[in-house]
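Coordinate analysis (summary)
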Amino acid sequence: MFIPRGTNFGEFQQCFILKQSEGVVGWMDAATLQPVGDLPLIYPDGLIVRISGSASHPIDFSGEVKPGSARSIVQPRLNLIVTPYPTSEPLQALGLENDLLKCDNPLEADKVWISSDDGSGAVTTY
């Protein structure tokens, strides 16, 4: 699992579950091989999970639906943003039209990358 850390996209803390014959030991930092302890996962930051095997695995999240607006701070370059919706919503529902740089030249405009629903890992750029 990669948890966003630092000021630029691409700076992550990589963690893994250490498992021994007697059971799961816990989450470890991949760089230091030390336990991560109470590592905070901030709601809008999201996380990236890399599955090493060839089989798909369901991941279940539990919690409550957050009422009201959600705010994320984005910085120049790439940013990982989690949508505030518990189900799929169209791009237009995110309300980004007033927050992103508009330009007739697509090389100068801000872009949104959305992952494909087919599980291929592909993204579509808007």
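Below, the structure is looked at part by part. Bear in mind the structure is a predicted one, so any value in this text is a computation, not a measurement.

With that out of the way, let us pick up the overall build of the protein. Along its length, the protein carries 0 helices and 5 strands. Across the protein, helices and strands are ordered from the amino to the carboxyl terminus as β-β-β-β-β. The long-range fraction of contacts in the protein, counting pairs at least 24 apart against all pairs at least 6 apart in sequence, stands at 33%.

The next thing to look at is the pairing of strand S3 (residues 23-29). Looking at chain direction, strand S2 (residues 12-20) and S3 are connected through 6 bridges and run antiparallel. Counterpart to Leu18 in the pairing with S3 is Gly26. Hairpin connection from S2 to S3: 2 residues lie between these consecutive antiparallel strands.

On to the sheet that holds strand S1 (residues 2-4), then. Judged by pairing direction, the sheet is antiparallel, and its 3 strands sit side by side in the order S1-S2-S3 without closing on themselves. Each of the sheet's edge strands pairs with one partner strand only, and the pair in question is S1 and S3. Neighbour-to-neighbour, the strand axes of the sheet open up by a mean angle of 25°, direction not taken into account. In this structure, S1 lies alongside S2, joined through 3 bridges in antiparallel fashion. Within the sheet, the bridge partner assigned to Phe2 lies in S2 and is Gln14.

Turning our eyes to something else, we now look at a nonpolar patch on the surface. Among the surface-exposed residues, Ile17, Val24 and Trp27 lie close enough to one another that they form a single nonpolar patch of about 310 Å² accessible area. Positionally, Trp27 belongs in strand S3. Judged by relative accessible area, Trp27 falls into the partly exposed class, the value being 40%.

Tracing the chain through its elements places Asp38 in the loop between S3 and strand S4 (113-115). Asp38 gets classed as exposed once you look at its relative accessible area, which sits at 81%. Put simply, Asp38 and Trp27 are 11 residues apart on the chain and 9.6 Å apart in space, counted from C-alpha to C-alpha.

With phi around 60°, Leu33 is a residue other than glycine that occupies positive phi space. Within the fold, Leu33 resides in the loop between S3 and S4.

Structurally, Asp29 is set in strand S3. Among the polar contacts made by the side chain of Asp29, one reaches the side chain of Gln13 at a distance of 2.6 Å. Aside from chain neighbours lying at most four places away, what touches Asp29 is Gln13, Gln14, Phe16, Gln34 and Val36.

About the cut-offs
Residues numbered from 1 in each chain as written. Predicted model: local features only at pLDDT ≥ 70, side-chain atom pairs only at ≥ 80, totals over all residues. Heavy atoms only, no water. Helix = DSSP H or I, 4+ residues; strand = E, 2+ residues; numbered from the N terminus. Contact = heavy atoms within 4.5 Å. Pairing = 2+ DSSP bridges. Axes fitted to C-alpha atoms, helices over the stretch in contact; angles between N-to-C directions. Patch = residues over 30% accessible without salt bridge, like charges linked within 9 Å, V, L, I, M, F, W, Y side chains within 5 Å. Areas by Shrake-Rupley, 256 points an atom, 1.4 Å probe, with all protein chains shown as cover. Salt bridge = Lys/Arg side-chain N within 4 Å of Asp/Glu carboxyl O. Buried < 20%, exposed > 50% of the residue type's maximum accessible area, 1.4 Å probe, protein only. Polar contact = N/O pair within 3.5 Å; in protein donor to acceptor, adjacent residues only side chain to side chain.

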